[in-house]
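Reading the structure
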Amino acid sequence: MRAGLALAICALVIAILSWLSLTNAPDEVALLASLETPLPKIAPAPGFTLTSQDGSQVSLADFRGKVVAVSFIYTRCTATCPVLTPMLSMVQRQLGSDFGRKIIFISVTLDAERDTPKVLKLYARAYGADPRGWAFLTGSPPVIQDITRRYGVFALKKESGEVNHSSLTSIVDQDGFLRVQYFGVRFDPGEFRRDLLSLVKEH
Amino acid sequence: MAQFALRRRRFLAGLSAAAGASLIGRPQAVARDGRLETTSIRIAKIAGICVAPQYVADELLRAEGFTDIRYVAADAGAPAARALVRGDIDFTANFSPPLIIPIDAGEPITILAGEHVGCFELFAREGIRSIPDLKGRTVGVQGLGSSQYTFLSGMAAYVGLDPAKDIRWVTSSSPKPMELFADGKIDAFLGFPPEPQELRARGIGHVIFNSTTDRPWSQYFCCMLAGHRDFVRGNPVATKRFLRAIIKATDLCVTQPEWVARKIVDAGFTPRYDYALSTLKEIPYARWQDYDSEDTVRFYSLRLREAGFIKATPTKILAEGTDWRFVNELRRELKG
């Protein structure tokens, strides 16, 4: 049975490769997505409770039953955040009615001293973030530091107020499991969107 | 076009994974995120810039649960591999040939993942334009057995030279080969960061080969991460977490090169900030997903075999000295 399945897969692979060599297919990644196995369950996602741009308390656990993308930014960032947040904003629009209903974005600030709820609200508005599905969170610096550490994000605030940080966007499934992390800001937003939707379909 | 090639490479890697998964069913994690078997790790401290990720991974390693992180001094290349074999260290980043040679000898090294491509540059004096031009010329290396010697021998054999007969090797640990080249006493010199940066700054010689950009060498990893076989077998969760922290640290080299350069200078890994920064910007750390670790070991095993450094076939080296399960899992967990 397995050998038969393997043969069928091999035949499919050969057929796709032949087709690719003839056509220079522009979006072969989409084909791959249909062959991929489910995203691995890495570990339970680190939980947190922080303050949103509206001043309310928000916990990761509040979103159980939804797929959540957790990213780390700060509003005065001039390096990677001005690339990441618009990219997420674009994906937000592409998700249509699933956004907010089935998929949530959370952006945690790395500059808790300056990124108050009011500042985060202005930032969210500037990037067209839909408040029904996108929470911008702040909290006390030690709490933020603990969350970044547990998500494997490096962040170090300099005297100038600038924050040296890595960019890591984590996707958490409906059951609260960390399923995949995206490095940097140059990742494929299409693949990111497909991963979000693949997790929505799991339930 | 290059972007298309990279996407196709990832696509093919993904297809292989998908086909493999169909053969074995749903993949079983080699190291589910269970309890760490040990919170102590020892990592080689090598005076090189390109292995910066392991020097800035401290906080990330702590986030993975390691509490006792020790850096053990070792020279790059064969000495670091020997330290691994002796069990003085648990992990090292190293150029693949110095890892493959002891694996051929049956030593307990397990190569786990590629880290980055690059970063050797072959400097030559005027009149030498390519590797075949090295025939009959003097080339400086620190010792017969050094990474530079094995790498250049492999390159020479690849273009049809007999490295033992056709190249006049000049071994010298003091003065260093770079100084011999700078003084005009040898014809060519294979540099490793920060040496190429220094030679360029001083306007000495010209580059006839750069492993970051010149095919086929630029198509394979340079430094790879390896562990002591017993540690890897006995501590799969710790091994995977170590790899995850180092891979995340490579992203720091991409996004925060200035901070990384300052950190490795302040920590004494390399003396000059400007050379460290230019090295970090030249090495394409962000493209670790685009290269194939197994292909790298196969390629270098063939080159080492051609040059007479090893007897085993690439298949045997791969079977006895590599374990890609950890990095294959991480490729699915860490994208970008």
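Cut-offs applied
Residues numbered from 1 in each chain as written. Chains lettered and ligands numbered in written order. Predicted model: local features only at pLDDT ≥ 70, side-chain atom pairs only at ≥ 80, totals over all residues. Heavy atoms only, no water. Helix = DSSP H or I, 4+ residues; strand = E, 2+ residues; numbered from the N terminus. Buried < 20%, exposed > 50% of the residue type's maximum accessible area, 1.4 Å probe, protein only. Contact = heavy atoms within 4.5 Å. Areas by Shrake-Rupley, 256 points an atom, 1.4 Å probe, with all protein chains shown as cover. Pairing = 2+ DSSP bridges. Axes fitted to C-alpha atoms, helices over the stretch in contact; angles between N-to-C directions. Parallel < 35°, antiparallel > 145°, perpendicular 65-115°, else oblique. Nonpolar A, V, L, I, M, F, W, Y, C, P; charged D, E, K, R; others polar. Phe/Tyr/Trp six-rings, centres within 6.5 Å; stacked < 30°, edge-to-face > 60°. Lys NZ or Arg CZ within 6 Å of the ring centre and 35° of its normal. Lys, Arg positive; Asp, Glu negative; His and termini not counted. Salt bridge = Lys/Arg side-chain N within 4 Å of Asp/Glu carboxyl O. Core = buried A, V, L, I, M, F, W, Y, C linked by side-chain atoms within 4.5 Å.

Helix and strand content of chain A: six helices and ten strands. Expressed as a percentage of the 203 residues in chain A, the buried residues total 53%. Partitioning the intrachain contacts of chain A with sequence separation of at least 6 by distance along the chain shows that 71% fall at a separation of at least 24. For chain A, the exposed surface amounts to about 9300 Å²; the carbon and sulfur share of it is 58%.

With that settled, the discussion passes to the pairing of strand β9 (residues 206-210) of chain B. Residues and elements named next belong to chain B. Burial of β9 is extensive: four of the five residues sit out of reach of the surface. In this structure, strand β5 (residues 121-124) lies alongside β9, joined through four bridges in antiparallel fashion. Residue pairing in the sheet places Ala124 in a bridge with His206 of β9.

Okay, unusual backbone geometry next. Residue and element names in this part refer to chain B. Between Pro193 and the following residue, Pro194, the backbone shows a cis peptide bond with an omega angle of 15°. Position of Pro194 relative to the elements: it lies in the loop between β8 (188-191) and α9 (195-202). That bond from Arg215 to Pro216 is cis: its omega, -5°, falls within 30 degrees of zero. Note on placement: Pro216 falls in the loop between β9 and β10 (223-228).

Attention shifts here to the sheet that holds β5 of chain B. Residue and element names in this part refer to chain B. Judged by pairing direction, the sheet is mixed, and its five strands sit side by side in the order β7-β6-β8-β5-β9 without closing on themselves. Of all the strands in the sheet, the pair left with one neighbour each is β7 (168-171) and β9. Ignoring strand direction, the axes of neighbouring strands in this sheet form an average angle of 30°. Examined bridge by bridge, β5 and β8 share four bridges and lie antiparallel to one another.

It is worth spelling out the packing of helix α5 (residues 96-104) of chain B against helix α14 (residues 293-306) of chain B at this point. Residue and element names in this part refer to chain B. Close contact between α5 and α14 brings their axes to 10 Å; oriented N to C, the two are set at 70°. When the interaxial angle is binned, α5 and α14 end up roughly perpendicular. Taken together, the residues of α14 that come into contact with α5 (itself represented by Ser96, Pro97, Ile100 and Ile101) are Thr296, Val297, Tyr300, Ser301 and Leu304. Taken together, the residues that form the contact of α5 with α14 break down as six nonpolar, three polar and no charged.

Moving on, we come to the packing of aromatic side chains. Within the structure shown, the criterion is met by 35 aromatic pairs over all chains. Ring geometry for Phe187 of chain A against Phe192 of chain A: centres 5.4 Å apart, planes inclined by 45°, an arrangement best described as tilted. Residues Phe91 of chain B and Phe231 of chain B carry aromatic rings whose centres are separated by 5.1 Å and whose planes lie at 80° to one another, so their mutual orientation is edge-to-face. Here Phe91 of chain B, found in strand β3 (residues 91-95), pairs with Phe231 of chain B, found in helix α10 (residues 229-234); they are 140 residues apart in sequence, far enough to count as distant. Look at Phe91 of chain B and you get buried, because its relative accessible area is 0%. Every member of this aromatic cluster is reached through a ring pair, and the members are Phe95, Phe120, Phe151, Tyr158, Phe192, Phe209, Trp217, Tyr220, Phe299 and Tyr300 of chain B. A cation sits over an aromatic face here: Lys45 of chain B above Phe269 of chain B, 5.1 Å from the ring centre. Between Arg272 of chain B and the ring centre of Tyr275 of chain B, over which it is positioned, the NZ or CZ distance is 4.1 Å.

A word on the side chain of Asp166 of chain B. Residue and element names in this part refer to chain B. When you line up the elements, Asp166 lands in helix α7 (residues 163-166). Notably, Asp166 is buried but unbridged: the nearest opposite-charge side chain belongs to Lys135, and the N-O separation is 4.4 Å. The residues touching Asp166, leaving out its near neighbours within four places in the chain, are Leu134, Lys135, Gly136, Arg137 and Leu161.

It is worth spelling out the pattern of salt bridges at this point. Residue and element names in this part refer to chain A. In total, this model carries 36 salt bridges over all chains according to the counting rule given. Asp98 is paired through a salt bridge with Lys102; the nearest N and O atoms lie 3.7 Å apart. We classify Asp98 as buried; its relative accessible area is 16%.

Attention shifts here to the nonpolar core. Judged by nonpolar contacts, the single largest core of 160 residues is most densely connected at Phe105, Ile106, Tyr151, Phe192 and Leu196 of chain A together with Phe242 of chain B. No other element matches the ten residues that helix α11 (residues 236-255) of chain B contributes to this core. Ignoring anything within four residues of it in the chain, the contact list for Tyr151 of chain A reads Ala45, Pro46, Phe48, Leu60, Val70, Phe72, Leu168, Ser170, Val172 and Gln181 of chain A together with Lys248 of chain B. Membership of the second largest hydrophobic core comes to eight residues, among which are Phe123, Met178, Leu180 and Phe189 of chain B.

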